[in-house]
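Residue-level structure breakdown
Residue-level listing of the chains:
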Amino acid sequence: MSTRKLIIASLICGLLILVAGTVKLLQTANNDTATTTVLQVGSEAAIGDILLVVNEVNVTSARTLVNVTMKSSKMISPADGWSMLANGEITEPVGSRDCLANTVDVTCTLEFVVAVGTPTIVFAHDGEKRQWLGS
């Protein structure tokens, strides 16, 4: 195969790559799927009939303490569904303070591992998630 044919083939491949990249960019720009909203501490969110608020995030030398308020028309367990993204890992609560199990209205403190940097607090229930950016 001659050099001239190889150069023409590489130019055609390059153009095809540019066209494919442009098409993908336009698809991404026109994508109307919902984006994840990260809430600030103190912001209220709802999943179904559960009303959620992360009141405070306090990182100590021993634990990350997350004060939450949950309200629901049904009995809920306040520790279920919560997790924290920090240190490159997702962790579940390692303990809790003042969290009464099976109640409809509770404010309590969840204990997580020590977070290096700013933790993201996540509540997931019925296939939905809400996220708060710790301070």
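Residues numbered from 1 in each chain as written. Predicted model: local features only at pLDDT ≥ 70, side-chain atom pairs only at ≥ 80, totals over all residues. Heavy atoms only, no water.

**Here's the deal with the overall build of the protein**
Tallying secondary structure elements over the protein gives one helix and ten strands in all. Of the regular secondary structure in the protein, the N- to C-terminal order runs α-β-β-β-β-β-β-β-β-β-β. Scaling as 2.2 N^0.38, a compact globule of 135 residues should have a C-alpha radius of gyration of about 14 Å, whereas the protein reaches 24 Å, well beyond that. Residues counted as buried form 29% of the 135 residues belonging to the protein. Pairs at least 24 residues apart make up 56% of the contacts formed inside the protein by residues separated by at least 6 positions. Here the protein displays about 8,700 Å² of accessible surface, and carbon together with sulfur accounts for 57% of that area. Averaging the locations of the 9 positively and 12 negatively charged side chains of the protein gives two centres separated by 18 Å. (Helix = DSSP H or I, 4+ residues; strand = E, 2+ residues; numbered from the N terminus. Rg over C-alpha atoms; globule rule 2.2 N^0.38 Å. Buried < 20%, exposed > 50% of the residue type's maximum accessible area, 1.4 Å probe, protein only. Contact = heavy atoms within 4.5 Å. Areas by Shrake-Rupley, 256 points an atom, 1.4 Å probe, with all protein chains shown as cover. Lys, Arg positive; Asp, Glu negative; His and termini not counted. Charge placed at Lys NZ, Arg CZ, Asp CG, Glu CD.)

**Here's the deal with unusual backbone geometry**
Phi at Asn87 is positive, roughly 60°, even though this residue is not glycine. Take Asn87: it is sitting in the loop between strand E5 (82-86) and strand E6 (89-91). For Asp126, which is not glycine, the phi torsion reads 50° and is therefore positive. Locating Asp126 in the fold gives a position in the loop between strand E9 (120-125) and strand E10 (128-133).

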